[in-house]
Amino acid sequence: NFQALKLYKSELRIHGTIKADFPELNPDYPRGTFIWTEPIIVADGKKYLPDSMFISSRPSQDTGQNIVIFTDVMKGTITGHTPLTKIGAIIQDHINRHYAFRKKDSTGKVPALVNIVNKKDSNSAKVPANYDLKIAAHIEDKQLLHVVLPGITYIDTVAINAVLDPVNLYLKVDAPQVVYGGSTITNAQVLVNGADSAFTYKVTVDEFAQNRMKFWYANINGNLDQNEITTNVSLSDSAKKER
């Protein structure tokens, strides 16, 4: 049994029974289970009774990662032969193939932009030669979400799918409806597709409403290529006529 401290400067108390068994604390391929049964959360005087939570990590030499997350707000899986600590370097390596972020030199100045696409750098040196990773998850409108994000009024189930391998970086997020504060977002989708030949992104929203202001069928898309970022923005009216 346990109690905890504060979150976002709000008084927070959490109760329940935790069972954690991690015989291998390898940050790349952890092995173990985490179970929180009969959780009770008291935040700013409000009591929440989320579902029990379960996280399991059972990696193997054949399948690689085998992580299952089953919590009140999120359910998902992580599979594939990719060390967890290398994910950031892998994503940066995919971006660097098309757009190189400049860093200050020893004198504190930013050097002139040079094309280093496909050039090995410190990030790519940290990337495994072979890897594959798949993430599938969905976020639900549950009590725990309102504790972490008090501004959320309502959220329809958000689906997240991602794939990483030496050739591809793929991310798709679908959010049918999100009501946050005084804003409502309907049918939002984020799509990122990176390969050696192209790195593209696209964000679409059927409707964005805030008080009396409304935007219809917004579309933001573009690509990263040869150290340039291209962005196109279009807005339409309720009849889908581009404005």
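## Observations concerning the nonpolar core
- By size, the foremost hydrophobic cluster in this structure holds 20 residues, and its most contacted members are L12, I41, V147, I155 and V158.
- Of all the elements in the fold, those that place two or more residues in this core are strand 2 (10-24), strand 3 (31-43), helix 3 (143-148), strand 9 (152-155) and strand 11 (169-180).
- One finds I78, I90, V127 and F199 within the second-largest nonpolar core, a separate group that totals 14 residues.

## Examining the confidence of the model for the chain
- Taken residue by residue, the chain gives an average pLDDT of 86. The fraction at 70 or more is 86%.
- Scored below 50 in pLDDT, residues 1-9 shows 20 contacts in the model against residues more than four places distant or in partner chains.
- Ignoring residues within four places in sequence, the model shows residues 115-120, a span with pLDDT below 50, making twelve contacts including any to other chains.

## Looking at the pattern of salt bridges
- Within this structure, the stated rule accounts for seven salt bridges.
- One continuous salt-bridge network, built from bridges that share partners, spans D93, R97 and D196.

## Brief notes about the pairing of strand 13 (residues 199-210)
- Relative to strand 13, strand 12 (residues 183-194) is paired through eleven bridges, and the arrangement is antiparallel. Bridge assignment links S183 to a residue of strand 13, and that residue is Q210.
- Counting the residues in the hairpin turn of strand 12 and strand 13 gives four residues.
- Strand direction decides the pairing type here: strand 13 and strand 14 (residues 213-225), joined by eleven bridges, are antiparallel. Its bridge partner lying in strand 14, V205 is registered against A218.

## Comments concerning the pairing of strand 12
- Direction of pairing for strand 11 relative to strand 12: antiparallel, over a ladder of eleven bridges. Across the sheet, the residue bridging to V173 is V190, located in strand 12.
- Turn length for the strand 11-strand 12 hairpin, with the two strands adjacent in sequence and antiparallel, is two residues, and the turn residue G181 shows positive phi of about 60°.

## Quick look at unusual backbone geometry
- Phi at N187 takes a positive value of approximately 50°, unusual for a residue other than glycine.
- Inspection of the secondary structure puts N187 in strand 12.
- Phi is positive for Q226, close to 50°, though the residue is something other than glycine.
- Mapping Q226 onto the fold places it in the loop between strand 14 and strand 15 (228-236).

Criteria and cut-off values
Residues numbered from 1 in each chain as written. Predicted model: local features only at pLDDT ≥ 70, side-chain atom pairs only at ≥ 80, totals over all residues. Heavy atoms only, no water. Core = buried A, V, L, I, M, F, W, Y, C linked by side-chain atoms within 4.5 Å. Buried < 20%, exposed > 50% of the residue type's maximum accessible area, 1.4 Å probe, protein only. Helix = DSSP H or I, 4+ residues; strand = E, 2+ residues; numbered from the N terminus. pLDDT = per-residue confidence, 0-100. Contact = heavy atoms within 4.5 Å. Salt bridge = Lys/Arg side-chain N within 4 Å of Asp/Glu carboxyl O. Pairing = 2+ DSSP bridges.

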